[in-house]
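Descriptive structure summary
So you can see what is in the structure, the chains are spelled out below.
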Amino acid sequence: MASTPLKNKLALGQRLRRNRKAEWTRRLVREHELAVNDLIWPIFLIEGEGLREPVDSMPGVERLSIDEAVRAAENAAGLGIPALALFPNIQASLRDAEASEALNEANLVCRAIKAIKRAAPHLGIVTDVALDPYTSHGHDGLLEGEEIVNDATVAVLVTQALNQARAGADIIAPSDMMDGRVAAIRAGLDAEGFESVAIMSYAAKYASAFYGPFRDAIGTRAVLIGDKRTYQMDPANTDEALREVALDLEEGADMIIVKPGLPYLDVIFRVKEAFGVPTFAYQVSGEYAMLMAAIKNGWLDADRAVLESLVAFKRAGANGVLTYFAPLAAKKLKERK
Ligand code: PBG
């Protein structure tokens, strides 16, 4: 019984292996290709000079003082990486309940934007809008009693976004998951003449365990009170992700992020199918840490595992990926040519 279908197929001449027999034919029939143009590199900032501080839970990733970040930016531009995403780790003494430092026009992020723009004017700069690096409790919004209050937070986020735009940010990326923030930020930007500053919204951002190492990197893991499940999405939902994306697009988002990455490829696929808008995956810190842990143990081959994980995003429909592997991937892609 089992041999009959195989025989029939071979009789029909169907042999899919013909297209795989050599590198040139694999290249010819390849459906998706990762390019350096697809990469956004997230970097971490610290105060100081000449400082590179390793992040223990993200081997190979360092927090950089602004001068070092400028060198990293020049390096990224040289590799052809289109854009950087900036995340600050500010001194504990500057964190408070109101996230005041988020509103300081000369805060670490704003100074970094200016310095990087000066050194690498053609590199895109994406800045995170959320309060977690600035709050004493580690939440993305303002805490009143036990609640992260939505509308009061949105008002602060608009000012934070405006400061970033004034400093020269090209893309504002709200990652806070407050309702209505995209519309408010768009209106705020337009009212000040920043019509050409784009919004890349973390539309479908899940309350994920995979953000742990990032919280080490920006110094919020130890201070975070409770969790973010009243504003970030339940990992069990996808229809809701489509509602989030629809709303953010209606409110004026130019591009959409789905986050985390690999465990949520189905969400990327559905978002791209449903809306056909520029869609980005965030391969988050925990995904980076998992891969690096196995790579450092010699259990996975770095180059192959990293490039395979990245092309998976393209296959799912993403236009690009925010990834800590951006420089490594860019180098490998260059060598391949
Ligand atoms: C917070 C923010 C987070 C990440 C990006 N922006 C973490 C969180 O929501 O706690 C995670 C990125 C990563 O894990 O690499 N606004």
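Residues numbered from 1 in each chain as written. Predicted model: local features only at pLDDT ≥ 70, side-chain atom pairs only at ≥ 80, totals over all residues. Heavy atoms only, no water.

**Some details on helix 11 (residues 302–316)**
- Here helix 11 spans 22 Å end to end across 15 residues, near enough to the 21 Å set by a 1.5 Å rise per residue.
- Here helix 11 has its buried residues at Ala305, Val306, Leu307, Ser309, Leu310, Ala312, Phe313, Lys314 and Ala316.
- For helix 11, the secondary structure elements touched by its buried residues are strand 1 (39–46), helix 9 (265–275), strand 11 (279–283), helix 10 (285–296), strand 12 (320–323) and helix 12 (326–336).
- Just downstream of helix 11 lies Gly317, where phi reads positive at about 115 degrees. (Helix = DSSP H or I, 4+ residues; strand = E, 2+ residues; numbered from the N terminus. Expected span 1.5 Å × (residues − 1). Buried < 20%, exposed > 50% of the residue type's maximum accessible area, 1.4 Å probe, protein only. Contact = heavy atoms within 4.5 Å.)

**Quick word on the site of the ligand**
- The local shell around the ligand holds 18 residues, among which Ser175, Lys228, Lys259, Ser285 and Tyr324 are the closest.
- At 2.7 Å from an oxygen atom of the ligand is found a side-chain nitrogen or oxygen belonging to Arg215.
- In this structure, an oxygen atom belonging to the ligand sits 2.6 Å away from a side-chain N or O atom of Tyr324. (Near = heavy atom within 4 Å. Polar contact = N/O pair within 3.5 Å; in protein donor to acceptor, adjacent residues only side chain to side chain.)

**Here's the deal with a nonpolar patch on the surface**
- Among the surface-exposed residues, Trp24, Leu28 and Val29 lie close enough to one another that they form a single nonpolar patch of about 340 Å² accessible area.
- Relative accessible area serves as the criterion here: at 41%, Val29 is assigned to the partly exposed category. (Patch = residues over 30% accessible without salt bridge, like charges linked within 9 Å, V, L, I, M, F, W, Y side chains within 5 Å. Areas by Shrake-Rupley, 256 points an atom, 1.4 Å probe, with all protein chains shown as cover. Salt bridge = Lys/Arg side-chain N within 4 Å of Asp/Glu carboxyl O.)

**Some points on the packing of helix 5 (residues 150–167) against helix 6 (residues 181–191)**
- Remark: helix 5 packs on helix 6, axes separated minimally by 9 Å, with the N-to-C direction vectors making an angle of 45 degrees. Judged on the interaxial angle alone, helix 6 and helix 5 are oblique. With respect to the hand of their crossing, helix 5 and helix 6 are arranged in right-handed fashion. Here Val154, Leu157, Val158, Ala161, Leu162 and Ala165 of helix 5 come into contact with helix 6, specifically with Arg181, Ala184, Ile185, Gly188 and Leu189.
- Its residues assigned to classes, the contact of helix 5 with helix 6 shows 9 nonpolar, 1 polar and 1 charged. (Axes fitted to C-alpha atoms, helices over the stretch in contact; angles between N-to-C directions. Parallel < 35°, antiparallel > 145°, perpendicular 65-115°, else oblique. Left-handed = near helix turned anticlockwise from the far one by under 90°. Nonpolar A, V, L, I, M, F, W, Y, C, P; charged D, E, K, R; others polar.)

**Details of the pattern of salt bridges**
- By the definition in use, this model includes 23 salt bridges.
- Linking Arg186 and Asp190 is a salt bridge whose minimum nitrogen-to-oxygen distance equals 2.9 Å. Placement of the pair is Arg186 and Asp190 together in helix 6, with a separation of 4 residues, close to one helical turn.
- A residue is classified by how much of its surface remains accessible, and Asp190, at 33% relative accessible area, is partly exposed.

**What to know about the pairing of strand 11**
- The element strand 11 is largely enclosed, with a buried count of 5 among its 5 residues.
- Covered by surrounding structure in strand 11 are Thr279, Ala281 and Gln283 together with Phe280 and Tyr282, the residues of both alternating faces.
- Relative to strand 11, strand 10 (residues 255–259) runs parallel, the two being bridged by 3 bridges. When the bridges of strand 11 are listed, Ile257 appears paired with Phe280.
- Following the backbone out of strand 10, through helix 9 and into the adjacent parallel strand 11, one traces a crossover that is right-handed.
- Where strand 11 lies against strand 12, 4 bridges are found, and the strand directions are parallel. Bridged to Gln283 within strand 12 is Thr323. (Pairing = 2+ DSSP bridges. Right-handed = clockwise from strand over helix to strand, strands pointing away.)

**Things to note about the pairing of strand 1**
- Where burial is concerned, most of strand 1 is hidden: 8 out of the 8 residues are buried.
- Burial along strand 1 is two-sided: the residues Leu39, Trp41, Ile43 and Leu45 and Ile40, Pro42, Phe44 and Ile46 are all buried.
- Here 2 bridges tie strand 1 to strand 12, and the two strands are oriented parallel to one another. Across the sheet, Leu39 pairs through a bridge with Val321, a residue of strand 12.
- Pairing of strand 1 with strand 4 (residues 83–88) involves 6 bridges; the strand directions are parallel.

**Digging into the side chain of Asp248**
- Inspection of the secondary structure assignment puts Asp248 in helix 8 (residues 239–250).
- Asp248 gets classed as buried once you look at its relative accessible area, which sits at 3%.
- Setting aside anything within four residues of it in sequence, one finds Asp248 in contact with Arg181, Val182, Ser201, Tyr202, Ala203, Ala253 and Ile256.

**Thoughts on the packing of aromatic side chains**
- For the structure on display, the rule yields 10 aromatic pairs.
- With a centroid separation of 6.1 Å and 35 degrees between ring planes, the pair formed by Tyr202 and Tyr282 is classed as tilted. Here the residue Tyr202 occupies a position in strand 9 (residues 198–205), and Tyr282 occupies one in strand 11, the gap between them amounting to 80 residues. Accessibility classification places Tyr202 together with Tyr282 in one group, the buried group.
- An angle of 70 degrees between the planes, with centres 5.9 Å apart, marks the rings of Tyr288 and Tyr324 as edge-to-face. (Phe/Tyr/Trp six-rings, centres within 6.5 Å; stacked < 30°, edge-to-face > 60°.)

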